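Here is what each chain is made of, one letter per residue.
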Amino acid sequence: DSGVTQTPKHLITATGQRVTLRCSPRSGDLSVYWYQQSLDQGLQFLIQYYNGEERAKGNILERFSAQQFPDLHSELNLSSLELGDSALYFCASSGPQVSGEQETQYFGPGTRLLVL
Amino acid sequence: AQTVTQSQPEMSVQEAETVTLSCTYDTSESNYYLFWYKQPPSRQMILVIRQEAYKQQNATENRFSVNFQKAAKSFSLKISDSQLGDTAMYFCAFTTLTISNFGNEKLTFGTGTRLTIIP
């Protein structure tokens, strides 16, 4: 158990709908990252938050948005869903940098989204 | 742009044997970190091992060790005495080091190697 939690584990919805994926980072971690794993694209970075603020954006569609709340949990909102959005969505967290070292990212169990 | 290449889509090995998974990367950065993550059938992403680019000594974690060749930009994973529980997808990942107070950099992943341990 990595200490990162994600809900729900599975989500089945229809095209055009909107869903919210939730992530709670490990205790003490300030950074949250969202990744998408689809069959043909592999693991792709979507977006990163650090202590409530957006830090970096990857290949995130405009239909997708995220935020990190004061208690450091994060939500990824996916709207106007398309068949191609079906994927496994991972949240990862890492601690604050200390001594100039890069912190390891620990992954949650993922949310499996199926768009029908 | 940084890229990570895993040239072996699939591998299989008999239980108790040793297997090596290959990974190469491309970057112009001098400070970076390399990781191997394991994804078993449960789809959970599990950290296997990490290597700091500034360290010459290869990282080891029990039966898992790496062969880090910085000049060749190569980072292979060796699994010794393989066990049935090692059956999984293995992803090589890379991140650069940014000295900041704003967290760390994203991971760039390879396409993975599906490893099957045969009883």
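Residues numbered from 1 in each chain as written. Chains lettered and ligands numbered in written order. Predicted model: local features only at pLDDT ≥ 70, side-chain atom pairs only at ≥ 80, totals over all residues. Heavy atoms only, no water.

## What to know about the overall build of chain B
Now for step 1: Looking only at helices and strands, chain B has 0 helices and 12 strands in total.
Now for step 2: Projected onto its principal axes, the C-alpha coordinates of chain B cover approximately 45 × 30 × 25 Å.
Now for step 3: Put simply, chain B has 119 residues, and 50% of those count as buried.
Now for step 4: Pairs at least 24 apart in sequence give 57% of the contacts found in chain B among residues at least 6 apart.
Now for step 5: Within the structure as shown, chain B displays about 5800 Å² of accessible surface, and the carbon and sulfur contribution to it stands at 46%.
Now for step 6: Each charge class in chain B can be summarised by its mean position, and for the 10 positive and 10 negative side chains these summaries are 4 Å apart. (Helix = DSSP H or I, 4+ residues; strand = E, 2+ residues; numbered from the N terminus. Buried < 20%, exposed > 50% of the residue type's maximum accessible area, 1.4 Å probe, protein only. Contact = heavy atoms within 4.5 Å. Areas by Shrake-Rupley, 256 points an atom, 1.4 Å probe, with all protein chains shown as cover. Lys, Arg positive; Asp, Glu negative; His and termini not counted. Charge placed at Lys NZ, Arg CZ, Asp CG, Glu CD.)

## Notes on the nonpolar core
Here is a general trend for soluble globular proteins: nonpolar side chains tend to be buried in one another's company.
All names here are of chain B.
Now for step 1: Tyr25, Trp36, Phe75, Leu77, Tyr90 and Leu115 are the most contacted members of the largest nonpolar core, which has 25 residues in total.
Now for step 2: Mapped by element, the contributors of at least two residues to this core are strand E3 (19–21), strand E5 (32–39), strand E6 (46–52), strand E8 (64–69), strand E9 (74–79), strand E10 (88–96) and strand E12 (113–118).
Now for step 3: If near-sequence neighbours (up to four positions away) are discounted, Tyr90 is found in contact with Gln6, Leu21, Trp36, Tyr37, Lys38, Val48, Phe64, Leu77, Ile79, Gly112, Thr113 and Leu115. (Core = buried A, V, L, I, M, F, W, Y, C linked by side-chain atoms within 4.5 Å.)

## Observations regarding the state of the cysteines
Now for step 1: Evaluation of the coordinates by the stated rule reveals 2 disulfides over all chains.
Now for step 2: The residue that forms a disulfide with Cys23(A) is Cys91(A), at a sulfur-sulfur distance of 1.8 Å. In this structure, the disulfide formed by Cys23(A) and Cys91(A) twists by about -50 degrees around the S-S bond and is classed as left-handed. With Cys23(A) in strand E3 (residues 19–24) and Cys91(A) in strand E9 (residues 87–94), this pair connects stretches of sequence that are 68 residues apart.
Now for step 3: On the basis of relative accessibility, which here comes to 0%, the residue Cys91(A) falls in the buried class.
Now for step 4: Linked covalently through their sulfurs, Cys23(B) and Cys92(B) form a disulfide whose S-S length is 2.0 Å. Because the torsion about its S-S bond is -70 degrees, the bridge between Cys23(B) and Cys92(B) counts as left-handed. With Cys23(B) in the loop between E3 and strand E4 (24–26) and Cys92(B) in strand E10, the pair connects residues that are 69 residues apart, well separated along the chain. No difference in accessibility class separates Cys23(B) from Cys92(B), as the two residues are buried. (Disulfide = S-S within 2.5 Å.)

## Concerning the environment of Asn67(B)
Now for step 1: With respect to the element layout, Asn67(B) can be found in strand E8.
Now for step 2: Within the structure, the side chain of Asn67(B) is placed 2.7 Å from the side chain of Gln69(B), a separation counted as a polar contact. (Polar contact = N/O pair within 3.5 Å; in protein donor to acceptor, adjacent residues only side chain to side chain.)

## Some details on the packing of aromatic side chains
Now for step 1: Under the definition given, this model contains 15 aromatic pairs over all chains.
Now for step 2: Summarising the aromatic geometry, the rings of Phe107(A) and Tyr37(B) are spaced 5.2 Å apart at their centres and angled 75 degrees between planes, so their arrangement reads as edge-to-face. Taken together, the residues Phe107(A) in strand E10 (residues 106–107) and Tyr37(B) in strand E5 connect one chain to another. No difference in accessibility class separates Phe107(A) from Tyr37(B), as the two residues are buried.
Now for step 3: Site record: aromatic cluster; members linked through ring pairs are Tyr35(A), Phe45(A), Phe90(A), Phe107(A), Phe35(B), Tyr37(B), Phe91(B) and Phe109(B). (Phe/Tyr/Trp six-rings, centres within 6.5 Å; stacked < 30°, edge-to-face > 60°.)

## A short note on the pairing of E10(B)
All names here are of chain B.
Now for step 1: The element E10 is extensively covered by neighbouring structure, given that 9 of its 9 residues are classed as buried.
Now for step 2: Burial along E10 is two-sided: the residues Ala88, Tyr90, Cys92, Phe94 and Thr96 and Met89, Phe91, Ala93 and Thr95 are all buried.
Now for step 3: Pairing of E10 with E12 involves 3 bridges; the strand directions are antiparallel. Across the sheet, the residue bridging to Tyr90 is Thr113, located in E12.
Now for step 4: Across 2 bridges, E10 lies against strand E11 (residues 108–109) in antiparallel orientation. If you follow Ala93 over to E11, its bridge partner there is Phe109. (Pairing = 2+ DSSP bridges.)

## A look at the sheet that holds strand E7 (residues 64–68) of chain A
By definition, the strands of a sheet pair up through backbone hydrogen bonds, in either a parallel or an antiparallel sense.
Residues and elements named next belong to chain A.
Now for step 1: The 4 strands lie next to each other as E1-E3-E8-E7, forming an open sheet whose pairing is antiparallel. The outermost strands of the open sheet, each flanked by one partner alone, are strand E1 (5–7) and E7. Strand-to-strand twist of the sheet, defined as the mean angle between neighbouring strand axes without regard to direction, takes the value 15 degrees.
Now for step 2: Pairing between E7 and strand E8 (residues 74–78): 5 bridges, direction antiparallel. Each bridged residue has a counterpart across the sheet, and for Ser65 the counterpart in E8 is Asn77. (Axes fitted to C-alpha atoms, helices over the stretch in contact; angles between N-to-C directions.)

Scope: geometric values only; no functional claims are made or implied.
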